[in-house]
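A closer look at the structure
Okay, here's what each chain looks like letter by letter:
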Amino acid sequence: MSLSTINLRHLRVFLAVVQHGSLQKAAQMLHITLSAVSKSLKELEDELGQRLVERGRRGMRLTQAGEAFQTHAAQAMSSFNQALTLAHSAPGQPEVLRIGALPTAAGYMLAPAVALMQARHPEVQIQVLSGVYEYLVAKLRTHDLDLIVGRLIGRDMLGVSFEALYEEDLVLVVHRDHPLAGREQLELDDLRPYTLLASPPGTLVRITVDNFLLASGAGAGFRIVESLSETFSRVFTHDHQAVWFVQRGLVNLDLRLGLLVPLPFASPLLKAPVGLTTPTDHPQSNATRAFAEILRRWQPQHP
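In short, a report on the structure.

What counts, and where the lines are drawn
Residues numbered from 1 in each chain as written. Predicted model: local features only at pLDDT ≥ 70, side-chain atom pairs only at ≥ 80, totals over all residues. Heavy atoms only, no water. Buried < 20%, exposed > 50% of the residue type's maximum accessible area, 1.4 Å probe, protein only. Helix = DSSP H or I, 4+ residues; strand = E, 2+ residues; numbered from the N terminus. Arc of directions from axis to C-beta. Contact = heavy atoms within 4.5 Å. Polar contact = N/O pair within 3.5 Å; in protein donor to acceptor, adjacent residues only side chain to side chain. Salt bridge = Lys/Arg side-chain N within 4 Å of Asp/Glu carboxyl O.

Now for helix H2 (residues 23–30). Where H2 is concerned, the buried positions are Leu23, Ala26, Ala27 and Met29. The buried residues of H2 occupy an angular sector of 165° when the element is viewed end-on, so they sit on one face. Turned more than 90 degrees away from the buried face of H2 sit Gln24 and Gln28, all of them exposed. Those residues of H2 hidden inside the fold are in contact with helix H1 (8–20), helix H3 (34–48), strand S1 (53–56), strand S2 (59–62) and helix H7 (133–141). A distance of 3.2 Å separates the backbone nitrogen of glutamine 24 from a side-chain oxygen at the start of H2, and that oxygen is part of serine 22. Histidine 31 occupies a position one or two residues after H2 and carries a positive phi of about 60°.

Quick look at the structure:
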């Protein structure tokens, strides 16, 4: 392989391996196979004639050559992404605003904010990409997204910054014909005859649910079905009189249409910040700044 064949694929793979400290995690972030990551890294090391990464029982670490190469590779990738941004905003080309949307915000604050952005800046082309946090933040770090809207979920804040905008409630909802619907006061013991829907242990929502139940002194004995599927949870809540612990943003439309109704439970433990996440190593475009300001001025509207 000649030096001219070292391309952006090699740099992306190398930087992903460095960022995550694992070939397997790099493959997951880049949505390619583990063998493709190994092949790209080996091609790069063979061409440079240097070992860039050492693998051991305690994980991976950069060699001295790897540390030197990382600095320049990161600069090269940043320059390339800036060049793309300038090309997209060249005269005659519409400015593109690329928004990553976590499910909790996609149908709640994001829809009215995008509508307002369209009204104020019709010249801007808007693209919305939804997905899990790890997928979206990987896109943000490679500057394939301008910002992410939703709850703060990740613990690895390398290269990104989170700005809280408002606190979102975790609500307990039931179908409108549920025996508990319309009750003005309820105790947690009133929920025991019914199945509770919650996300699996270890997720932030489930941690919030468990802390709420523990702090309320309700103890154990609840029947809990664990689900990460919004479709299943909606159907199960509708057809089987379940009580669903869910972020308000995910069921905002259901609440507005009266298909689901919230139960009268409120606690500071059932709140979490929602905001925008932006890269720290990339200048914001005019469209990004304008949209961020719209988000800052937006106020939650509860049905």
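That covers the picture; the talk isn't over yet.
This next bit is on H7. Spacing of three or four residues puts side chains on the same side of an α-helix, whose turn is 3.6 residues. Inspection of H7 places Tyr133, Leu136, Val137, Ala138, Leu140 and Arg141 among the buried residues, and these make up the whole buried set. Within two residues after H7, histidine 143 carries a phi angle of roughly 65°, on the positive side.

So, about unusual backbone geometry. Phi at histidine 31 is positive, roughly 60°, even though this residue is not glycine. Here histidine 31 is to be found in the loop between H2 and H3. Look at histidine 31 and you get exposed, because its relative accessible area is 53%. One non-glycine residue, histidine 143, lies in the positive phi region at around 65°. Within the element layout of this structure, histidine 143 appears in the loop between H7 and strand S5 (147–151).

Per the stated rule, a full pass over the model turns up 18 salt bridges. With its nearest N and O atoms 3.1 Å apart, the salt bridge here joins aspartate 210 to arginine 206. Of this pair, aspartate 210 and arginine 206 are both found in helix H8 (residues 204–215), 4 residues apart, which corresponds to roughly one turn of the helix. With relative accessibility at 33%, the residue aspartate 210 sits in the partly exposed group. In this structure, the salt-bridge partner of glutamate 226 is arginine 206, at a minimum N-O distance of 3.3 Å. Taken together, the residues glutamate 226 in strand S8 (residues 223–226) and arginine 206 in helix H8 connect sequence positions 20 residues apart. One continuous salt-bridge network, built from bridges that share partners, spans Glu163, Glu293, Arg296 and Arg297.

Along the chain, histidine 178 turns up in the loop between strand S6 (160–175) and strand S7 (195–198). On the basis of relative accessibility, which here comes to 4%, the residue histidine 178 falls in the buried class. At 2.9 Å, the side chain of histidine 178 forms a polar contact with the backbone oxygen of glutamine 241. Once you skip the residues sitting within four places of it in the chain, histidine 178 turns out to touch Tyr194, Gln241, Ala242 and Val243.

These figures come from the coordinates and say nothing about function on their own.
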